[in-house]
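Each chain, written out:
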Amino acid sequence: MKRVLKSLLYVSLIALLSFALPRLIPGSPLFISDSDLHVLNSALPAETFNSFKEYYAPDKPVIEQLAIYIRNLIHFDLGSSFYYKMPVAEIIAGRIGWTLFLSFVSISISSLLGIPMGLNTARSGGKMGKYLLSFLMALQSIPVFVLAIVFQLLFCFEFHLFPSSGAYTLGINVNAVDFSIDIIKHSVLPIIILVLVELPPIFTLTYNVCSRTKEEPYVEMAHYYNISDSLIKFKYVLKNSLPEILSKMNIQFLYAISGILFVEVVFSYPGGGTLLKVAASSRDYPLLQGILLVTGFYGVTVNFIFEMIIKKVNPRF
Amino acid sequence: MNKKITNKTAWAVIMSMVFVGVFYPLFSPYNAADFSFQPLMSPSQAHPLGTDEMGHDIFSTLLAGFRVTLGIALAAAVISTFIGTVMAVICAYHKNWVDSLIVKLTELFIIVPEIVVLLFFAALSKPEVYNTIFAIAFFSWSKVARIIRAKSITVIEKEKIQYTLLLKGSLRDVLVKMWRELYPAVATMFIFQCSKAAVYESTLAFFGIGDPLAKTWGRMIRTALNYEGIFTDGTYLWYLLPPVACICIFVVAVSVLAFDFERE
């Protein structure tokens, strides 16, 4: 119950943030001044402008605006996009699948690689792990989109190994098998980059947690009892490290989303990232706001799910 | 031994980059705003990195980019570290609902990625350099606040600070008293923030947000990518890769330094 309340608090904070920001920033269309509104009126087609005005009601008092805003949100009405001239909720719903696809696949691969790697490096405890760690740290600090551009340059334009943009080739796929292969081909490179970005934190995290668990007296005792190495590894070290790893994986899941948005932009992948790019460059406020809200909602949901899992795995938390 | 060398190299790289940023007019062969050259020239003696499709000398633009990029990164890092530290001390000072509210706020910035909120803010405001700096500074203090808060909570229990509190010291007095204890952590966070701010700035520019006239490295990458033939006619070698390399070198050098600080 407490968790539900906390999640609700986050959702309302996000809604409040998205409500307040456009009204506080000078230069945005909702920073109420008649001249701004006039400029917007002349720049947009009448229909779009009217729906905009109806949705935000900038001429009403702020409290009433907030009430309208919240009522719209409850009905999943996110307004209408300037650029696409369609309801924002509909546009985002059409794109979000690709982003979720990239996110789940890349996180799964990174966890499946990163957790065993971290566990093994911690168990062997050699110098190798330290070097690997510092190399990964350096890699981690490079902006994701820069990494994506370099990869695109190398693998798409120099070696012609992978298609450089999109999620599928338009118009040539006749059957489901070809289509799936095409989708996989297009997603290989974005996923490799995302794994490169997501792997270091997961690896570091597992390494640190397992290094600590390894030193515990009960693991030492298990060694004296001649319990087999693999049993110690999984039953003693991994099982006891897992709750802590999971509780921080949650943060990785949330960080991953911003990486995905940038990789999508570089590869023109038709997910939320490209949408964000269009919204930002055409200053499409309703769409931007919609993306902010959906990202926030996604974050809260992921957070909630992870807290439930952690509670299952380890009731102490 | 090995640590010392990497640390020194990182310092040397950063210092020379700052040096170029401050004194770039001395090295710059042309004015960065001058677009009177023949467009799309390949590198030559006169133009070490060629010219772009508008006729700017790319080498001069890149050098000018040192000052803007590093300037934005430093300014944003100073402000965000300051906000974060003050927030952290407020948490330790008040401890009641104020503390939990600020903690909830910092958690919110984990749940909604900072960069998305930042993009939202920057896209709404006027495209000026100051707004970019403020956008980065206002939405990237959460990590500073989280880490300094943990430190402050232990530091505030020290006798000398408890004494200040007994004398009804204000928040400012407490901050001044705590400064000496907090300083190392704040310095580490500042270095982290520098790297973060540089990354955020380039990301914003990559999304086409921000002052179009401020030729930061991120903006250079954006304009290079906007040029249609960038990947097909080989111009990326001197057009796209130099700013990419600059960002990578700067960010990596700064993070090497930050991790070194953190270890101490």
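See above for the structure.
The shown structure was predicted, so the numbers you read here are calculated from the model rather than taken from an experiment. (Residues numbered from 1 in each chain as written. Chains lettered and ligands numbered in written order. Predicted model: local features only at pLDDT ≥ 70, side-chain atom pairs only at ≥ 80, totals over all residues. Heavy atoms only, no water.)

Student: Help me get a handle on the overall build of chain B, residues and values and all.
Tutor: Counting its secondary structure elements, chain B contains 11 helices and 0 strands. Over its C-alpha atoms, taken along the principal directions, chain B stretches across nearly 70 × 45 × 30 Å. With 264 residues in all, chain B has 54% of them scored as buried. Looking at chain B, you have 22 positive and 19 negative side-chain charges, and the mean spots of the two groups are 11 Å apart. (Helix = DSSP H or I, 4+ residues; strand = E, 2+ residues; numbered from the N terminus. Buried < 20%, exposed > 50% of the residue type's maximum accessible area, 1.4 Å probe, protein only. Lys, Arg positive; Asp, Glu negative; His and termini not counted. Charge placed at Lys NZ, Arg CZ, Asp CG, Glu CD.)

Student: Summarise the overall build of chain A; cite the residues concerned and give the values.
Tutor: Of the regular secondary structure elements, chain A holds 12 helices and 0 strands. Along chain A, helices (α) and strands (β) appear in the sequence α-α-α-α-α-α-α-α-α-α-α-α when read from the amino end. Expressed as a percentage of its 317 residues, the buried residues of chain A come to 47%. Accessible surface, chain A: about 15,900 Å² in total, of which carbon and sulfur atoms supply 67%. (Areas by Shrake-Rupley, 256 points an atom, 1.4 Å probe, with all protein chains shown as cover.)

Student: Explain the side chain of Glu307(A) residue by residue, including any values.
Tutor: One can find Glu307(A) in helix H12 (residues 285-313). Not counting chain neighbours up to four residues away, the residues in contact with Glu307(A) comprise Arg3(A) and Lys6(A). (Contact = heavy atoms within 4.5 Å.)

Student: Quick one: what's the story with the interface of chain B and chain A, residue by residue and with numbers?
Tutor: Taken together, the contact pairs 39 residues of chain B with 50 residues of chain A. Summed over both sides, the interface of chain B with chain A buries roughly 4,100 Å², with 83% coming from carbon and sulfur. Across the contact surface, chain B and chain A share 0 salt bridges. Here chain B is connected to chain A by 1 residue pair in polar contact (both at pLDDT 80 or more). If you list the elements that add at least two residues to the side of chain B that touches chain A, you get helix H3 (97-111), helix H4 (114-124), helix H8 (171-206), helix H9 (217-226) and helix H11 (241-263) of chain B. (Buried area = accessible area lost by both parts, 1.4 Å probe. Salt bridge = Lys/Arg side-chain N within 4 Å of Asp/Glu carboxyl O. Polar contact = N/O pair within 3.5 Å; in protein donor to acceptor, adjacent residues only side chain to side chain.)

Student: For the packing of aromatic side chains, give the residues involved together with the corresponding values.
Tutor: Residue and element names in this part refer to chain B. Evaluation of the coordinates by the stated rule reveals 21 aromatic pairs over all chains. Between the aromatic rings of Phe-134 and Phe-138, the centroid separation amounts to 5.7 Å while the plane-to-plane angle is 10 degrees, which identifies the pairing as stacked. One end of the pair, Phe-134, and the other, Phe-138, are both in helix H5 (residues 129-139), 4 residues apart, so they sit about a helical turn from each other. Residue class for Phe-134 comes out partly exposed when judged on its relative accessible area of 34%. Within the aromatic cluster, the residues linked to one another by ring pairs are Phe-109, Phe-121, Phe-134, Phe-138, Phe-139 and Trp-141. A cation sits over an aromatic face here: Lys-143 above Phe-192, 4.7 Å from the ring centre. One cation-aromatic arrangement involves Arg-222 over Phe-206; the distance from NZ or CZ to the ring centre is 5.1 Å. (Phe/Tyr/Trp six-rings, centres within 6.5 Å; stacked < 30°, edge-to-face > 60°. Lys NZ or Arg CZ within 6 Å of the ring centre and 35° of its normal.)

Student: Describe the nonpolar core, listing the residues and the values that go with them.
Tutor: Counting residues in hydrophobic clusters, the biggest one holds 165 residues, and the most contacted among them are Phe207(B), Trp217(B) and Leu240(B). Three or more residues apiece are contributed to this core by two domains, here domain 1 (2-74) and domain 2 (94-281) of chain A. Residue contacts for Phe207(B): discarding those within four places in its chain leaves Phe262(A), Val265(A), Gly273(A), Leu276(A), Lys277(A), Ala280(A), Ser281(A) and Leu119(B). (Core = buried A, V, L, I, M, F, W, Y, C linked by side-chain atoms within 4.5 Å. Domains from an automatic or database assignment.)

Student: I'd like a rundown of the state of the cysteines, residues and numbers included.
Tutor: Residues and elements named next belong to chain B. This structure, assessed with the given rule, holds 0 disulfides over all chains. Cys-194 takes part in no disulfide bond, and the closest cysteine sulfur to it belongs to Cys-246, at a distance of 17 Å. Residue classification places Cys-194 among the buried positions, given a relative accessible area of 7%. (Disulfide = S-S within 2.5 Å.)

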